[in-house]
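# Observations on chain architecture
Here's the letter readout for the chains.
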Amino acid sequence: MKLSSVDYYLDWPVSIKLKNLRGFIIINLEQKGDLIRWSIVDIQNSIDSFGTKKLKIKAVVAN
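Only a predicted model underlies this, so the values are computations on that prediction, with no experimental measurement involved.

### Re the nonpolar core
- In this structure, Val6, Tyr8, Leu10, Trp12, Leu21, Phe24, Ile25, Leu29, Leu55, Ile57, Ala59 and Val61 together form the largest nonpolar core, which totals 12 residues.
- Counting residues per element, the ones that place at least two in this core are strand 1 (3–12), helix 1 (21–29) and strand 3 (53–62).
- For leucine 55, the residues in contact, after removing those within four places along its chain, are Tyr8, Tyr9, Leu10, Trp12, Leu21, Ile25, Ile40, Asp42 and Ile43.

The following block contains the structure:
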């Protein structure tokens, strides 16, 4: 098993409520491999008019 550290940037749309954010992040990160752990390191407001936010996530995945 090989562990990899991944910096992942993800758009957080307004349609995803805070209580559903964890599941949204996990679904997107599982595409990178078997998820070991993850954390949100930064949240930035996007410039677009849709009100989305940019999440910076650090994750450890197993391939």
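Let us keep going from here.
### Focus: the pattern of salt bridges
- Within this structure, the stated rule accounts for 2 salt bridges.
- Lysine 54 is the salt-bridge partner of aspartate 11, the closest N and O atoms lying 2.8 Å from each other. Residue aspartate 11 is found in strand 1, and its partner lysine 54 is found in strand 3; the two are separated by 43 residues along the sequence.

### Thoughts on the side chain of serine 4
- Topologically, serine 4 is positioned in strand 1.
- In this structure, serine 4 is in contact with Ala59, Val60, Val61 and Asn63, ignoring residues within four places of it in sequence.

Rules used in this analysis
- Sequence order as written defines residue numbering, which begins from 1 separately in each chain.
- Given that this is a predicted model, residues contribute local features only at a pLDDT of at least 70 and side-chain atom pairs are listed and counted only at 80 or more, while totals for whole chains, interfaces and linings are drawn from all residues.
- Side-chain calculation: all heavy atoms of the structure are included, whereas hydrogens and water are not.
- By convention a nonpolar core is built from buried Ala, Val, Leu, Ile, Met, Phe, Trp, Tyr and Cys residues, the set being connected through side-chain atoms within 4.5 Å.
- A 1.4 Å probe rolled over the protein chains alone gives each residue an accessible area, and that area as a share of the maximum for its type sets the label: buried under 20%, exposed over 50%, partly exposed in between.
- Strands here are runs of E lasting at least two residues and helices are runs of H or I lasting at least four, both read from the DSSP assignment and numbered beginning at the N terminus.
- Note on definitions: a residue-residue contact is assigned when non-hydrogen atoms from the two residues lie within 4.5 Å.
- We define a salt bridge as a side-chain nitrogen of Lys or Arg found within 4 Å of a carboxyl oxygen belonging to Asp or Glu.

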